[in-house]
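Here are the chains, one letter per residue:
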Amino acid sequence: MAEVKKTPPGGGARGAGGWTRFVTARPRLTLLVALVLTALAVLAGGGVADRMGSGGWEDPAAESTYATEALERRFPGSQPNLLLLVDAGPTGVDAPAVAAEARELAERLDAEPGVDGVGSYWSTGSPALRSEDGRKAVIAARIAGEEKDAAAVLDRIAPEYRGAHGPVEVSLGGSLAVRHEMQVVIQEDLLRAELIALPVTLVLLVMVFGSAVAALLPLGVGIVAILGTNAVLRGITEFTDVSVFAQNLTTALGLGLAIDYALFVVRRYREELAAGADTYTAVRTTLRTAGRTVLFSALTVAVSLAAMLVFPQYFLRSFAYAGIAVVLLAATAALTLLPAALVLLGPRVNALDLRRLLRRGRNGKDAPDALDALDGDGDGGRDGGGYGGGGREGAGWAWAAALVMRRAPVFAVLTTAGLVLLGLPFLGVQLGTADDRQLPATASSRVVQDQLRDGFPGDPGGGITVLAEGPATPAQYAAYRELITGVDGVVRAEGPVTTGSGHAYFTVVPEGEAVGAEAQRTVGELRSVPAPFETSVTGQAAVLVDSKDALAERLPWAAAIIVLVTLVLVFLLTGSVLIPVQAVVLNALSLTAMFGAVVWVFQDGHLSGLLGFTPTGDIETTLPVLMFCVAFGLSMDYGVFLLSRIKEEYDTTGDHEHSVRFGLRHTGGLITAAAVILAVVMVAIGTSRVTNTKMLGLGVALAVLMDAMVVRSLLVPSVMKLTGRLTWWAPGPLRRFHDRFGISESDGAAEGSGATGATGGAGGAEAPREAVSLGR
């Protein structure tokens, strides 16, 4: 391609706009500042994972949380989080030499700084602390303090206790050991996922663009977003708890959304160059059109993720922190660094074509880029209202859109029915809590927990604990114990353990698993038992009950935030009152396959051998909420790309069906390519050995692909055909509001290059006169 003369920032097409001048006036300085800030982010974000927690599923204001904190202060031994599994082999745990060694280990552990409430089978004689075969027994303790401080104590003492000690072999388990090992595994898996995703993503980008230079730009934007978000999270950890799981979302969204935004910007820039624009004009038009859509898309994704802030669990709030930060940073980089780089590169954005030989046609002429073939770049104009004209690039998408619209009722009904059918397994969802079975079967703390679960008569670290506060006599305590022993589902009740100052606790062993449905029902029964003192119930089952209640209480608020803001933003984009409703409904439909697959695979255990996880018969309570917010936001991301291009063409031509064909023709390949790349990143995250992370990665990857390849390709054009010109209707006051404040790619398009036609109102959808614009 011949060098196109650059028009300086002050000249060329009119209406350059302040933002464009700011970004492009000193592109080298812009990139230098970005490089310095990125280097500072690397320093600021270093070691962020070490400051994160691996919990956060409990409600801080719940009864179970209050009871747990009170018991930790007054009865450290009642809430053990560290278990030493002492294996005596065939000698048995009651042998004198074994008992002497075990007592010595318990005494040493009790003397360790930061360790409280040490008890053991040898000191209490409790049958719950001895295995049924008599070969193993437990020393239980609690490491007090914040999660990070407790983990540091565990790191310090673990080497001294793990391994052979005379006649016994000691292994470490308990909730603290499980969470700490989970944190280590997640960090290792995240590094592996990045090593998988980055090179594969680069190869896919080269295949899409055909140019190594163009392919590196989205990857660079993604890396900047990830590093910047790590620095933001490091700062947030100074003020509140942040879950280590959020780092997975940072990597996935950082790469995925940055690539989406960069694909959209670079594609539009190359389209403008192909239409004959010079570099500065092409950048101006790109920012005014694609840049505005990127900004709008980032807002919709950020809102979906921000809805998780209404929940009290810091596990969910952490994903909001990470998600909002990475989305805004990705959009900022795409709208600042990317235009500056494009100004410096000019037509050289197409340089280093690594597929030159494959792109040679029989007559020796270059064939179109992969992106052109996918996306319709370089077709030189409109598709002429038909789906075969205007050049062959993108004609397949236009042809598919026309076919779908010709049989719109059939495609709409069959696609909707298929999506609903795929989501039916979710009707049988069982919500539970994460435990050691999230870890691979070979993880050391998981091995200990498996032995405790399978070989002991009770769970030494589980059960239900009832805290009693207030003055009481021994007779009153005894009477209350009789009452709770008689509750349905209670195997036995032990206690009370008292301090002599009006505080005591009872330990209740429920039937079935520690967090099973029977145990959850028992929690409710225990809370309704009358007592002459104040009681609070805690334990794993109680935490789960309270967590589910907190989610159920706040879920309508989160859903209302997402739906309301989505309706408003899509109205600002389209000026229609029907399209926002369609967007919400179709986005929700795109998630049905994900939720159905989550239950069928991860709850019911299908494909567990292939995917390498242990099914527990339930889904962690917060995961469906998290997956909905993330997947809904990403679906809106693709919906915005398609709707913005349809609206741009409709403002120009007033032809509804042609605009739908045009929009799909010019974005179908782009959305598909972006979805495939994002799915690759999510699948890389899904290779994690931790089940929740695997579920998140694979589930969102499925949702993204279903949205791009089914909903955007089949359901959207068929529904828009059925609604016809009514699609663009809005009452007079709302239409006038949109004319003044709406967001539109087509605003001022006539000021740009020949690649973008003049705008005009049609069918009650006039081009905005005072739209919110990056170009103004």
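Residues numbered from 1 in each chain as written. Predicted model: local features only at pLDDT ≥ 70, side-chain atom pairs only at ≥ 80, totals over all residues. Heavy atoms only, no water.

K.L.:
Would you explain the nonpolar core in this entry?
P.N.:
For soluble globular proteins, nonpolar side chains are generally found buried alongside one another. Counting residues in hydrophobic clusters, the biggest one holds 154 residues, and the most contacted among them are F245, Y261, L263, M308, V327 and L626. Here the element with the most residues in this core is helix 11 (residues 314-345); it accounts for 18 residues. Non-local contacts of Y261, meaning those with residues more than four positions away in its chain, are made with V294, S297, A298, V301, V327, A330, A331, A334, D637 and F641. (Core = buried A, V, L, I, M, F, W, Y, C linked by side-chain atoms within 4.5 Å. Buried < 20%, exposed > 50% of the residue type's maximum accessible area, 1.4 Å probe, protein only. Helix = DSSP H or I, 4+ residues; strand = E, 2+ residues; numbered from the N terminus. Contact = heavy atoms within 4.5 Å.)

K.L.:
Would you mind going over helix 16 (residues 474-485) with me for this structure?
P.N.:
The first and last C-alpha atoms of helix 16 sit 16 Å apart over 12 residues, in line with the 16 Å expected at 1.5 Å per residue. Where helix 16 is concerned, the buried positions are Y477, Y480 and I484. For helix 16, the angular spread of buried residues about the axis comes to 65°, placing them on one side. Among the exposed residues of helix 16, those pointing more than 90 degrees away from its buried face are P474, A475 and E482. Contacts made by the buried residues of helix 16 are with strand 7 (464-469), strand 8 (490-498), strand 9 (503-510), helix 17 (517-527) and strand 10 (534-539). (Expected span 1.5 Å × (residues − 1). Arc of directions from axis to C-beta.)

K.L.:
Explanation requested: the sheet that holds strand 3 (residues 136-143) in the structure shown.
P.N.:
In any sheet, the strands associate via hydrogen bonds between backbone groups, in a parallel or an antiparallel arrangement. Pairing is antiparallel in the open sheet, where five strands are placed in the order 2-3-1-5-4. Two strands close off the open sheet at either side, each with one partner strand: strand 2 (115-120) and strand 4 (163-165). Neighbouring strand axes in the sheet, compared pairwise and without regard to direction, differ in orientation by 25° on average. (Pairing = 2+ DSSP bridges. Axes fitted to C-alpha atoms, helices over the stretch in contact; angles between N-to-C directions.)

K.L.:
Quick question: what am I supposed to make of the pattern of salt bridges here?
P.N.:
Pairing between side chains of opposite charge can happen when the charged atoms of each approach one another. Summed over the entire model, instances satisfying the criterion amount to 27 salt bridges. One salt bridge in this structure joins R51 and E238, with 3.3 Å as the shortest N-O distance. Of this pair, R51 sits in the loop between helix 2 (27-45) and helix 3 (63-74) while E238 sits in the loop between helix 8 (212-236) and helix 9 (246-274); the two residues are 187 residues apart in sequence, bridging distant segments of the chain. Accessibility expressed as a relative area gives 27% for R51, which makes it partly exposed. (Salt bridge = Lys/Arg side-chain N within 4 Å of Asp/Glu carboxyl O.)

K.L.:
Where do I start with the confidence of the model for the protein chain in this structure?
P.N.:
Close reading of the predicted structure is inappropriate where its pLDDT is low. Looking at the protein chain, the pLDDT average stands at 83 and 87% of residues meet or exceed 70. For residues 361-391, every residue scores under 50 in pLDDT, and the model assigns this stretch 79 contacts once sequence neighbours within four places are set aside. Taken as a whole, residues 746-776 scores under 50 in pLDDT and shows 97 contacts with residues more than four places along the chain or in a different chain. (pLDDT = per-residue confidence, 0-100.)

K.L.:
Just to check I follow, could you spell out the pairing of strand 1 (residues 82-87) for this structure?
P.N.:
Within a regular beta strand, the side chains point alternately toward one face of the sheet and then the other, so they alternate between its two faces. Within strand 1, five of the six residues are buried, which leaves the element mostly enclosed by the surrounding structure. When strand 1 meets strand 3, the two strands line up antiparallel, connected through six bridges. Note on strand 3: the bridge partner recorded for L82 is A141. Relative to strand 5 (residues 168-173), strand 1 runs antiparallel, the two sharing five bridges. Of the residues in strand 5, the one forming a bridge with L83 is G173.

K.L.:
Even after reading the chapter, I still don't get empty space enclosed by the protein, so can you show me in this structure?
P.N.:
One way to see where empty space is left: roll a probe the size of a water molecule over the atoms. Under the criterion given, the structure shown has three cavities of 30 Å³ or more. Its boundaries defined by the atoms lining it, the largest cavity holds a volume of some 140 Å³. Along the wall of the largest cavity there are 18 residues; nearest its centre are T433, Q438, T616, D618 and E620. For the lining of the largest cavity, the leading source of residues is helix 24 (residues 691-723), giving three residues. For the lining of the largest cavity, the residue count by class is seven nonpolar, six polar and five charged. (1 Å grid on protein atoms, 1.4 Å probe; cavity = no way out; pocket = protein on both sides within 12 Å on 5 of 7 lines; lining within 4 Å. Points joined across faces, edges and corners; volume = space filled by probe spheres on them. Nonpolar A, V, L, I, M, F, W, Y, C, P; charged D, E, K, R; others polar.)

K.L.:
So what exactly am I meant to see when it comes to a negative patch on the surface here?
P.N.:
Taken together, the side chains of E104, E107, D110 and D116 present a region of like negative charge at the surface. Top contributing element to the negative patch by residue count: helix 4 (residues 96-110), with three residues. Of note, D110 is situated in helix 4. (Patch = residues over 30% accessible without salt bridge, like charges linked within 9 Å, V, L, I, M, F, W, Y side chains within 5 Å. Areas by Shrake-Rupley, 256 points an atom, 1.4 Å probe, with all protein chains shown as cover. Lys, Arg positive; Asp, Glu negative; His and termini not counted. Charge placed at Lys NZ, Arg CZ, Asp CG, Glu CD.)

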